[in-house]
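# Examination of the molecular architecture
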There are 2 protein chains.
Amino acid sequence: MGYVSTIGSIDRVLAGLDSAEGIDDLQALSERIRDEYGITNVVYHWVNSNGDQYGCGTYSEAWVLRYLERKYVRIDPVILGCYQRFHPVEWKRLDWSSRAARGFLADAIEHGVGNQGYSIPIRGPNGQFALFTCNDSCDDATWADFIERNRRDMILLAHDFNRKALDLEPDRTPDRAVTLSPREVDALTLLAVGYSRAQVASTLSISEHTLRVYIESARHKLGAVNTTHAVARALQRGAIVV
Amino acid sequence: MGYVSTIGSIDRVLAGLDSAEGIDDLQALSERIRDEYGITNVVYHWVNSNGDQYGCGTYSEAWVLRYLERKYVRIDPVILGCYQRFHPVEWKRLDWSSRAARGFLADAIEHGVGNQGYSIPIRGPNGQFALFTCNDSCDDATWADFIERNRRDMILLAHDFNRKALDLEPDRTPDRAVTLSPREVDALTLLAVGYSRAQVASTLSISEHTLRVYIESARHKLGAVNTTHAVARALQRGAIVV
DNA sequence: TTGTCCTTCCCCAGATCAGGGGAAGGCGCG
DNA sequence: CGCGCCTTCCCCTGATCTGGGGAAGGACAA
């Protein structure tokens, strides 16, 4: 990481964001951010609830293809870690202990991804999830210093980058909000914590037949094909909280 | 809204956040933010889907009690609007057309809530939801100018306020990750998108018996009592991404 | 007032899942 | 070179879920 003055960078970049008119501009902008801040990579990565991915950034094409091809999204500790966290996180603090994760890391570094990174999770109303990541190759102290100085900028960039990305791709918000009835929420919530149908029915003091009506109705609303699917979608969309 | 210089405010406030050690400090800090920025109210409000609420801020005690007592969370257009939005929003742009909303607004203003507001939605891994709000009584142009100048500060404050609030209330954060094997991840992931066991087995090109071993093993790791439970916990912990 | 949605109840048959066994080869870590 | 973990295969039975039906009262909104 070469030393680069970042004074005013955020203003220049946000001005660029304001005038962006297409995904290509965002792509160019990620490169711009990378250069303004003197780091190796800047990436905006959208992870869709059906496994679709999309994004832009400075990773090499080879790495992006490999990532998709190997379905790394399933084991990438950055994704997994951010997915269960509220706050931005430094990569070093993620869990790299599994074999799959270590293999992934080696592969990533081989493809030009830096060993240091900082990723900001961004969430939408119905479980939509995206990541804004910056990364670099340097030692821990240098990176900690960089983050210390630029954390705020990165958070603001993540916000505005995401907003612009959504403006440009309005169909990225396909999961319409589903309103489950209170009983449907009860039913799915109890199922999600492991109750069997019989247990749920007795907990809610209704017959199992009635319970099934709720589950079916919730299933239809959620576009789910079975109970497990319905619970999964309800959780993803925040329709139930366990 | 009296004119107040906000230069350096963010630094002073964030320093205060760093040293906060309890919910009382956050309460004091919300007052501090209010004064630094010269507005009427600053509020951090955690909303649980089961109706639980929690937060701190400068609203009068009378208003908070009334809000809870009347279960305003169900009709508050700020909550409703932010719940389905990605980005911070000015109150004027929300939907105040329903009668309930207008009644609510009148009641709010009567209790010292400003007519102008800016609320930032904050989301967690499993639909957790909180709001960081600043509001004031002034005309549209004055408020637009205030937001224009302080939008970035508010976003950063929302982030850090939320982080601190979660630090101080660790039970609101999710459980630690479990490391599932790649096959277990495959199995649960496909189950989560609605596949039956037979479909999963054939998709993974393994026998259904083998598949069951993975599901069982994942269940044990996750401390789940059945498949649906296992999928739910895996999702919550970010062990799988669907 | 009419319609839509929520809540509750009931029947049944076939498909699916859960739970308990046991056994094999492969891989990496100490 | 074990030991542990991952992967793969097989047996079985009983419990559970899924897929269609139909029916009724109450709440709330247009």
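Residues numbered from 1 in each chain as written. Chains lettered and ligands numbered in written order. Predicted model: local features only at pLDDT ≥ 70, side-chain atom pairs only at ≥ 80, totals over all residues. Heavy atoms only, no water.

As named in an unreviewed UniProt entry, chain A is LuxR family transcriptional regulator, taken from Roseivivax halodurans JCM 10272.

## Overview of the overall build of chain A
In plain terms, the rule: Labels follow the DSSP assignment, with helices taken as runs of H or I lasting at least four residues and strands as runs of E lasting at least two, numbered in each case from the N terminus. Whether a residue is buried, partly exposed or exposed follows from its accessible area with a 1.4 Å probe, protein chains only, as a fraction of its type maximum: under 20%, in between, or over 50%, in that order. Residue contacts are counted whenever heavy atoms from the two residues lie within 4.5 Å of one another. Using a 1.4 Å probe, the Shrake-Rupley method yields the accessible areas, and only the shown protein chains count as cover for residues.
Scanning chain A from terminus to terminus reveals 10 helices and 5 strands. When the 242 residues of chain A are sorted by exposure, 54% land in the buried category. Within chain A, counting contacts between residues at least 6 apart in sequence, those at least 24 apart form 62% of the total. Accessible surface, chain A: about 10500 Å² in total, of which carbon and sulfur atoms supply 49%.

## A short note on the protein's contact with DNA strand D
Selection rule: Nearness is judged by heavy atoms alone; a residue qualifies as near a molecule or strand once a single heavy atom is within 4 Å of it. Polar contact is defined as a pair of N or O atoms within 3.5 Å, subject to the rule that within protein one atom must be able to donate a hydrogen and the other to accept it, and that residues adjacent in sequence are counted only when both atoms are side-chain atoms. Following the grouping adopted for this structure description, the nonpolar residues are Ala, Val, Leu, Ile, Met, Phe, Trp, Tyr, Cys and Pro, the charged ones are Asp, Glu, Lys and Arg, and the polar ones are all others, Gly among them.
The full set close to DNA strand D counts 20 residues, and A:Arg197, A:Arg212, A:Arg219, B:Ser181 and B:Tyr214 are the nearest of them. Backbone atoms, meaning sugar and phosphate, form 60% of the atoms of DNA strand D found within 4 Å of the protein. In the model, a phosphate oxygen of DNA strand D is placed 3.0 Å from a nitrogen or oxygen of the A:Arg197 main chain. At 2.9 Å, a side-chain N or O of B:Thr210 approaches a phosphate oxygen of DNA strand D. If you list the elements that add at least two residues to the surface near DNA strand D, you get helix 9 (208–222) of chain A together with helix 7 (182–192) and helix 9 (208–222) of chain B. If you tally residues by element for the surface near DNA strand D, the top one is helix 9 of chain B, at 6 residues. Of the residues that constitute the surface near DNA strand D, the class distribution is 5 nonpolar, 7 polar and 8 charged.

## Topic: empty space enclosed by the protein
Quick note on the threshold: Method remark: on a 1 Å grid restricted to protein atoms, a set of points is classed as a cavity if a 1.4 Å probe fits but cannot get out and as a pocket if it is open with protein on both sides within 12 Å along at least five of seven lines; lining residues have an atom within 4 Å of a point. Grid points are joined across faces, edges and corners, and a volume is the space filled by probe spheres set on the points.
A complete count under the given rule lists 3 cavities of 30 Å³ or more for this structure. Taken as a whole, the largest cavity encloses approximately 320 Å³ of empty space. Secondary structure elements with two or more residues in the lining of the largest cavity: strand 4 (116–123) and helix 6 (140–168) of chain A together with strand 4 (116–123) and helix 6 (140–168) of chain B. For the lining of the largest cavity, the class distribution of residues is 11 nonpolar, 6 polar and 2 charged.

## Describing the pairing of strand 1 (residues 41–47) of chain B
Residues and elements named next belong to chain B. Which entries qualify depends on this criterion: Here the rule is simple: two strands pair whenever DSSP picks up at least two bridges between them.
Most of strand 1 sits out of view: 7 of its 7 residues are buried. Burial of the side chains of strand 1 extends over both faces: Asn-41, Val-43, His-45 and Val-47 are buried on one face and Val-42, Tyr-44 and Trp-46 on the other. With 7 bridges joining them, strand 1 and strand 5 (residues 129–136) adopt antiparallel strand pairing. The partner of His-45 across the bridge, within strand 5, is Leu-131. Note that strand 1 and strand 2 (residues 53–57) share 5 bridges and pair antiparallel. From the neighbouring strand, Val-47 faces strand 2, where its bridge partner is Gln-53.

## A short note on helix 7 of chain B
Residue and element names in this part refer to chain B. Extensive coverage of helix 7 is indicated by the burial of 8 of its 11 residues. Of all the positions in helix 7, only Glu-184, Val-185, Ala-187, Leu-188, Thr-189, Leu-190, Leu-191 and Ala-192 are classed as buried. Looking one or two places after helix 7, you find Gly-194, whose phi comes out positive at around 100 degrees.

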